[in-house]
Amino acid sequence: MTNSTKQTSSINRRSVLQAGAAASVGSFWIPAKAAVELKLTHPADPSHPVHIEAEKMVKRISDRTNGEVKITIFPNNALGSPVETAQQTRLGAIDMILMNPSNIESISKPLGVINIPYQFDSYEHAHKALDVTGRAWLAQQFSAVGFSWIANFEWGFRALSNSRKAIRTPDDIRGLKLRVPPELAIKSAFEALGANTQTIAFQEVYLALANKTVDGQDNPIGTTFAAKFFEVQSHIALTKHIYTSIMLVANQRAWQNKLNEAQRKIISEESTVAGQAARKAVREKEEEQIATMQKAGIAITRPDVAPFRDKMAPAYDILRKSIGDENWANWSRAVAAART
C-alpha cells in the first residue's frame, strides 16, 4: 500500500469515527425534551360549555408550548366524585381540577364566601368580584390549602324547579320538600325560606323527583336541562339565589415544580380565555334551554329577588359562623367594591 493510499485510508477512518461520535452525541447526550403531562379532571358533561372550552384550551396550550405541555382531560367525574377528586388534586395524584362549590366548601371554610346567597346582583357583578376585586384574597385562601388558582369558569345562577306550584314570592317556597346538595349555603338559604330540605346524591335526584320523594331541586339551568330533571317537574323559578362558579386550580407543587414560568404564563392566559368563552356560552345556552323547556310544558317564573334576599338573615348568621367574621367582612368589601 502506498503512502498516499495509507493517508487516504487514515482520513476515511478518522472521518467515520468523527461522524459516529457526532451521531452519538446527537443521539445520546442531547435527547429531545420530554413533554410535561398533566391530568385535568372536572364534573361537567362533555356537551357542557365548560368541557367544550376546556378541550379548546388544552389544544391551544399544546400548540403554544410546541407540544411541551400535554393536558389530558377526564370529564364527567371519570376519576371519582367531586369531593374525592378535590382531595386527590390536593395530594398531587391529579394535577388540575375544575372545582365545584361543594369541593370548595369541603377544603376551606373561608372559601365558602363564594356561595353566599343573593350576594350578586348580576353575572357582571359576580364576574367582577371573582376576577378583580376579590381575586387576590381568594388566591390567598386557595394557596393556604395547597392550590394554585388559575381561572374562573361557570355553571351559572341557580334556579328552583318543583312539581307543585309556581314560585313568585318567598312564601311560595314555605313547606316545599326540596333536595339540596351537601352545601351549607344552599341548605341554609332554603331553610330560611321555610322549605324542608333533604340531602340526596346527584345521581339519585331524578328518581327522587319522579317518585315524589321530594317536590323539587335547585341547579343552574344548564344542569337541570342536561340531567332532564324538567321531565319530572312542572315549574321552574329563576330565583338566582346563588351564583355557581367552577374554578380551575392546580396542585401547588405540580404548578411550581412541573412547569416553568413561561409555561405557567401560557396556561394562565389560555385558561382565562377558555373561562370567559365558557361563561358566554353558558348564558347563551341558558335562554335556549329555557325556551325548550317551556315548549315541553314547563311554566317559567322570574320573581323579583329582593324579597327573597330580605329573608336571608338566618342563613347569613349560620354562614358567618362557619366562614368567620373577619373573612366575611373582607369578602363583603370585595363584593361591595365590585358593585360600584
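Residues numbered from 1 in each chain as written. Predicted model: local features only at pLDDT ≥ 70, side-chain atom pairs only at ≥ 80, totals over all residues. Heavy atoms only, no water.

1. Remarks on the pairing of strand β5 (residues 177-180)
Test applied: A pair of strands is treated as paired once DSSP finds two or more bridges between them. Helix and strand definitions follow DSSP, with helices as H or I runs of at least four residues and strands as E runs of at least two, each counted in order from the N terminus. Crossovers are marked right-handed if the path from the first strand over the helix to the second runs clockwise, as seen with the strands pointing away from the viewer.
In the sheet, β5 pairs with strand β6 (residues 196-199) via 4 bridges, with the strands oriented parallel. Each bridged residue has a counterpart across the sheet, and for R179 the counterpart in β6 is Q198. Between β5 and its parallel partner β6, the chain crosses via helix α7 (residues 184-192), and the hand of that crossover is right-handed. Where β5 lies against strand β7 (residues 216-220), 2 bridges are found, and the strand directions are parallel. Residue pairing for β7: L178 is matched across the bridge by G216.

2. Remarks on the pattern of salt bridges
Any two side chains of opposite charge can pair if their charged atoms end up close together. This is how it is decided: Every case where a carboxyl oxygen of Asp or Glu lies within 4 Å of a side-chain nitrogen of Lys or Arg is listed as a salt bridge. Here's how the labels work: a residue is buried when its accessible area is under 20% of the maximum for its type, exposed when over 50%, partly exposed in between, all with a 1.4 Å probe on protein chains only.
Under the counting rule described, the total for this entry stands at 18 salt bridges. A salt bridge links R283 to E124, with the nearest nitrogen and oxygen atoms 3.1 Å apart. Linking R283 in helix α11 (residues 261-295) with E124 in helix α5 (residues 123-133), this pair joins segments that are 159 residues apart in sequence. Take E124: its relative accessible area is 46%, and that puts it in the partly exposed class.

3. Some words on the pairing of β7
On a regular strand, each side chain points to the face opposite its neighbour's, so the side chains alternate between the two faces of the sheet. Burial analysis of β7 places 5 of its 5 residues in the buried class, which makes it a mostly covered element. The pairing of strand β4 (residues 147-162) with β7 spans 5 bridges and is antiparallel. Considered in β7, the bridge of N162 is made with G216.

4. Some details on the packing of helix α13 (residues 313-323) against helix α14 (residues 325-339)
The test is simple: Each axis is a line fitted through C-alpha atoms, and for a helix only the stretch in contact is used; angles between axes span 0 to 180 degrees, taken between their N-to-C directions. An angle counts as roughly parallel when it lies under 35 degrees, as roughly antiparallel when it exceeds 145, as roughly perpendicular when it falls between 65 and 115, and as oblique in every other case. Between two residues, a contact is recorded if the distance between any of their heavy atoms is within 4.5 Å.
The contact between α13 and α14 brings their axes to 6 Å, and the two run at 110 degrees. Judged by the inter-axis angle, α13 sits roughly perpendicular to α14. Between α13 and α14, the residues in contact are Y316, L319, R320 and I323 and D325, N327 and W328, respectively.

5. Side note on the confidence of the model for the protein chain
Test applied: pLDDT expresses, on a scale from 0 to 100, how confident the predictor is about each individual residue.
Across the protein chain, the average pLDDT comes to 91, with 90% of residues at 70 or higher. Below a pLDDT of 50 lies the segment residues 2-30, which in the model reaches 3 contacts outside its immediate sequence neighbourhood of four places, other chains included.

6. Quick word on α11
So the rule is basically this: Here a helix's expected span is defined as the number of its residues, less one, multiplied by 1.5 Å. Two N or O atoms count as a polar contact when they lie within 3.5 Å, although within protein this holds only if one can serve as hydrogen donor and the other as acceptor, and sequence-adjacent residues are included solely when both atoms are side-chain atoms.
For α11, built from 35 residues, the straight-helix expectation of 51 Å at 1.5 Å per residue is met to within 8% by its first-to-last C-alpha distance of 51 Å. Measuring from the side-chain oxygen of the N-cap residue of α11 to the backbone nitrogen of A262 gives 3.1 Å; that N-cap residue is N260. Note on α11: the residue one or two positions beyond its end, G297, has a positive phi of about 105 degrees.

7. Observations regarding the nonpolar core
The cut-off we apply is this: Nine residue types can take part in a nonpolar core, namely buried Ala, Val, Leu, Ile, Met, Phe, Trp, Tyr and Cys, and a core is a set of them joined through side-chain atoms within 4.5 Å.
Core analysis: the biggest nonpolar cluster contains 51 residues, and M99, L138, F142 and W331 have the highest contact counts within it. With 26 residues, the next largest nonpolar core counts V50, V58, W255 and A278 among its residues.

8. A look at unusual backbone geometry
With the exception of glycine, most residues fall at negative phi, and the peptide bonds are largely trans. If you check the backbone angles, N66 has positive phi at about 55 degrees while not being a glycine. The residue N66 is located in the loop between α2 (49-64) and β2 (69-74) in this model. Judged by its relative accessible area of 70%, N66 falls in the exposed class.

9. A word on the packing of α5 against α11
The relative placement of two packed helices comes down to the angle between their axes together with the axis-to-axis distance. Condition: Crossing handedness: left-handed means the near helix sits turned counterclockwise from the far one by under a right angle, and right-handed means the same turn made clockwise. In this classification, Asp, Glu, Lys and Arg are treated as charged, Ala, Val, Leu, Ile, Met, Phe, Trp, Tyr, Cys and Pro as nonpolar, and every other residue, Gly included, as polar.
Close contact between α5 and α11 brings their axes to 13 Å; oriented N to C, the two are set at 160 degrees. If you check the angle between α5 and α11, you find them roughly antiparallel. With respect to the hand of their crossing, α5 and α11 are arranged in right-handed fashion. On α11, the residues that touch Y123, E124, H127 and D131 of α5 are R279, R283 and E286. Partitioned by chemical class, the residues of the contact of α5 with α11 number 1 nonpolar, 1 polar and 5 charged.

10. Brief notes about the side chain of R158
You can see R158 is positioned in strand β4. At 3.4 Å, the side chain of R158 and the side chain of N219 are in polar contact.

11. Things to note about the environment of A278
With respect to the helices and strands, the residue A278 is situated in helix α11. On the basis of relative accessibility, which here comes to 0%, the residue A278 falls in the buried class. Put simply, A278 and G112 are 166 residues apart on the chain and 23 Å apart in space, counted from C-alpha to C-alpha. The residues contacting A278, other than those within four sequence positions of it, are P49, V50, E53 and F153.

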